[in-house]
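Chains, contacts and geometry: an overview
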Amino acid sequence: MKRVSGAIDRSVLNSVMGMLGESGIDHVGLSARAGLAGAGLFMSPQSTPLMIFTTMLELASDATNNPALGLFLGDTWGYRGLGKHAEMVLTAPTLGHGLEKFARFFPTLQGSTSFSLSVEDGQAKLSYRIAEHAVRTRTQDAIFSEASFHSLLSAALGDGWQPNCIDFEHRNDRGLGIFQNHFKCPVRLGQRENALFLPAHLLNKPMKNADPERHWQLVNEFQTRAERLKQNVDLPTATKAWIVATLCRHRQIDVHDAADEFSMSLRSFQRELDQEGTSFRKIREEVRGGIASDMLRLTDLPIPDIAEHLGYSELSAFSRGFKAMTGTSPGQFRRQLSDATSHA
């Protein structure tokens, strides 16, 4: 069986990119760093590797020095951003029925993720956790997701509703006061999973916009999608995503680390890439070349800074590698772009 990695519906990324742009954040420069600009590293119109989505959120948070950026994005995106998944909940006969279906079909929105509804001691618990070990940067994704789920529940229960508690996996308490003020409930950090707690009796609440015909139409649609579509990408694409995410974390991109992150032996990892007609070295150079071209074209970063971002220990090594891939040096490449723009 070929190894696959988690992905997220492309519409979610597109929405987030739009919100970043509308907020005045340099989403073009961030896209270049994340391999989402013109390099064509992740071309699927249906999905984006989950590692790339979570990395993009972290880059935006770091760029704005805003530890609560995911909260702003998730609240702005809101339940409407969840599209038909939210509509399926809001047209259900009761909230509990809708959330059960939402959990069941969540893999059609995002792969390699555990989302569940449980009840214990009079409390209902909506749990969310990315199950993939290789997705290292996930704090802003958790905040974004919990804000989105909170918006969905507010649409179902009314603005006066408040959760009992919000749990987050991450331990960094930057922005904690902002989260508590927004959710109007205790917020606990360093928990086993991200979770939203509410009184269990609210699961029996009838939905004011209940529409049995529409609800079951959506359930049947998602059932069909679930049988033919799961949000996953193949190992070569996942490896590209891992390299991009690792570079953005300023870590070394080593084949042994990559195999370990995907819970594979080095031999199995290399063999499966070979069966796909590629290798770790080829993928690494494709990623480096694509991101280098985009950063030279779309940002004003000095060339030494670009070389450092791409994990080159020396500028000369970056120049040689880039020239081998493109036939021109990084400086010549940028000058040619500048000349072409000035004569356009």
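Described below are features of the structure shown in this document. (Residues numbered from 1 in each chain as written. Predicted model: local features only at pLDDT ≥ 70, side-chain atom pairs only at ≥ 80, totals over all residues. Heavy atoms only, no water.)

**So, the pairing of strand E7 (residues 194–199)**
Taken across its six residues, E7 has six buried, putting it largely inside the fold. By the bridge criterion, six bridges tie strand E4 (residues 123–130) to E7 in an arrangement that is antiparallel. Each bridged residue has a counterpart across the sheet, and for Ala124 the counterpart in E7 is Leu198. In terms of strand pairing, strand E5 (residues 165–167) meets E7 through three bridges, oriented antiparallel. Bridged to Ile166 within E7 is Leu196. (Buried < 20%, exposed > 50% of the residue type's maximum accessible area, 1.4 Å probe, protein only. Helix = DSSP H or I, 4+ residues; strand = E, 2+ residues; numbered from the N terminus. Pairing = 2+ DSSP bridges.)

**Considering the sheet that holds E7**
The strands that make up a sheet are held in pairs by hydrogen bonds between backbone atoms, and each pair lies either parallel or antiparallel. Sheet architecture is open: five strands sit in the order E3-E4-E7-E5-E6, paired in mixed fashion. The outermost strands of the open sheet, each flanked by one partner alone, are strand E3 (113–120) and strand E6 (187–188).

**Let's talk about the sheet that holds strand E8 (residues 232–234)**
Strands sit in the order E2-E1-E8 across an open sheet of three strands; the sheet is antiparallel. The outermost strands of the open sheet, each flanked by one partner alone, are strand E2 (47–49) and E8. Between one strand axis and the next, the sheet turns by 50° as a mean value, whatever way the strands run. Summarising the sheet, strand E1 (residues 4–9) and E8 pair through three bridges and their orientation is antiparallel. Bridge pairing in E8 links Val4 to Asp234. Helix-sheet contacts for helix H1 (residues 10–22) involve E1 and E2, and the interaxial angle to E1 is about 55°. (Axes fitted to C-alpha atoms, helices over the stretch in contact; angles between N-to-C directions. Contact = heavy atoms within 4.5 Å.)

**Some thoughts on the environment of Val187**
Mapping Val187 onto the fold places it in strand E6. Each C-alpha atom, one on Val187 and one on Cys165, is 6.0 Å from the other, the two residues being 22 residues apart in sequence. Setting aside residues up to four positions removed in sequence, Val187 forms contacts with Ile166, Phe168, Leu176, Phe179 and Gln180.

**What about the nonpolar core?**
Judged by nonpolar contacts, the single largest core of 99 residues is most densely connected at Leu20, Leu95, Trp242, Phe262, Phe269 and Phe318. The element contributing the most residues to this core is helix H7 (residues 139–157), with ten residues. Those residues in contact with Leu20 that sit more than four places away from it in its chain are Ile25, His27, Met56, Ala60, Leu69 and Leu73. (Core = buried A, V, L, I, M, F, W, Y, C linked by side-chain atoms within 4.5 Å.)

**Looking at helix H6 (residues 95–104)**
With eight of its ten residues buried, H6 lies for the most part within the structure. Within the span of H6, buried status applies to Leu95, Gly96, His97, Gly98, Leu99, Lys101, Phe102 and Ala103.

**Observations regarding helix H12 (residues 266–275)**
Those residues of H12 that fall on the buried side of the exposure criterion are Phe269, Glu272 and Leu273. Seen along its axis, H12 keeps its buried residues to an arc of 100°; they face one direction. Facing away from the buried surface of H12 by more than 90 degrees, the exposed residues are Arg267, Asp274 and Gln275. The secondary structure elements touched by the buried residues of H12 are helix H10 (235–248), helix H11 (255–261) and helix H13 (280–298). Following H12 by one or two positions, Gly277 adopts a phi angle in the positive range, close to 80°. (Arc of directions from axis to C-beta.)

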